[in-house]
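Results of the structural survey
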Amino acid sequence: MKELIEKINTEFEAFATEAGQQSEKGNKAAGTRARKSALELSKLFKEFRKISVEESKK
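As annotated in an unreviewed UniProt entry, the chain carries the name Histone H1-like protein Hc1 and comes from Chryseobacterium potabilaquae. UniProt's Sequence similarities (unreviewed entry) comment on the chain is quoted here verbatim: "Belongs to the histone H1/H5 family. HCT subfamily."

Structure below.
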């Protein structure tokens, strides 16, 4: 679970960087990368939820 949290943190940092570049500088390519990171974060959050529920049942 710790590895998953590290992946989430890393992906969120990438998202924040790219989203900032898009909104502040109008960088369209950064927007594409931010959307990709957002999609990956969604997958990671679903995995986290699944693992969290399993852990709480123990």
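The rest of the description comes next.
Points about the overall build of the chain
Helix and strand counts for the chain come out as two helices and zero strands. The C-alpha atoms of the chain give a radius of gyration of 14 Å, which is well past the 10 Å a tight globule of 58 residues would have. Taking all 58 residues of the chain together, the buried fraction comes to 21%. A fraction of 56% describes how many contacts in the chain between residues 6 or more apart in sequence connect residues 24 or more apart. Of the accessible surface of the chain, which amounts to about 4700 Å², a share of 54% is contributed by carbon and sulfur atoms. Counting 13 positive and 10 negative side-chain charges, the chain places the averaged centre of each group 6 Å from the other.

Brief notes about the packing of helix α1 (residues 2–25) against helix α2 (residues 28–56)
Closest axis-to-axis distance for the α1/α2 pair is 8 Å, and the angle between their directions is 155°. One way to sum up the angle between α1 and α2 is to call them roughly antiparallel. Note that α1 runs across α2; the crossing there is left-handed. Classifying every residue of the contact of α1 with α2 gives 15 nonpolar, four polar and seven charged.

Side note on the pattern of salt bridges
A full pass over the atoms with the stated rule returns two salt bridges. A salt bridge links Arg 33 to Glu 18, with the nearest nitrogen and oxygen atoms 2.9 Å apart. Residue Arg 33 is located in helix α2, and its partner Glu 18 is located in helix α1; the two are separated by 15 residues in the primary sequence. Overall, the relative accessible area of 37% leaves Arg 33 in the partly exposed class. Since its relative accessible area comes to 15%, Glu 18 is described here as buried.

The rules behind the values
Residues numbered from 1 in each chain as written. Predicted model: local features only at pLDDT ≥ 70, side-chain atom pairs only at ≥ 80, totals over all residues. Heavy atoms only, no water. UniProt positions renumbered as here; feature names shortened; annotations may be inferred. Helix = DSSP H or I, 4+ residues; strand = E, 2+ residues; numbered from the N terminus. Rg over C-alpha atoms; globule rule 2.2 N^0.38 Å. Buried < 20%, exposed > 50% of the residue type's maximum accessible area, 1.4 Å probe, protein only. Contact = heavy atoms within 4.5 Å. Areas by Shrake-Rupley, 256 points an atom, 1.4 Å probe, with all protein chains shown as cover. Lys, Arg positive; Asp, Glu negative; His and termini not counted. Charge placed at Lys NZ, Arg CZ, Asp CG, Glu CD. Axes fitted to C-alpha atoms, helices over the stretch in contact; angles between N-to-C directions. Parallel < 35°, antiparallel > 145°, perpendicular 65-115°, else oblique. Left-handed = near helix turned anticlockwise from the far one by under 90°. Nonpolar A, V, L, I, M, F, W, Y, C, P; charged D, E, K, R; others polar. Salt bridge = Lys/Arg side-chain N within 4 Å of Asp/Glu carboxyl O.

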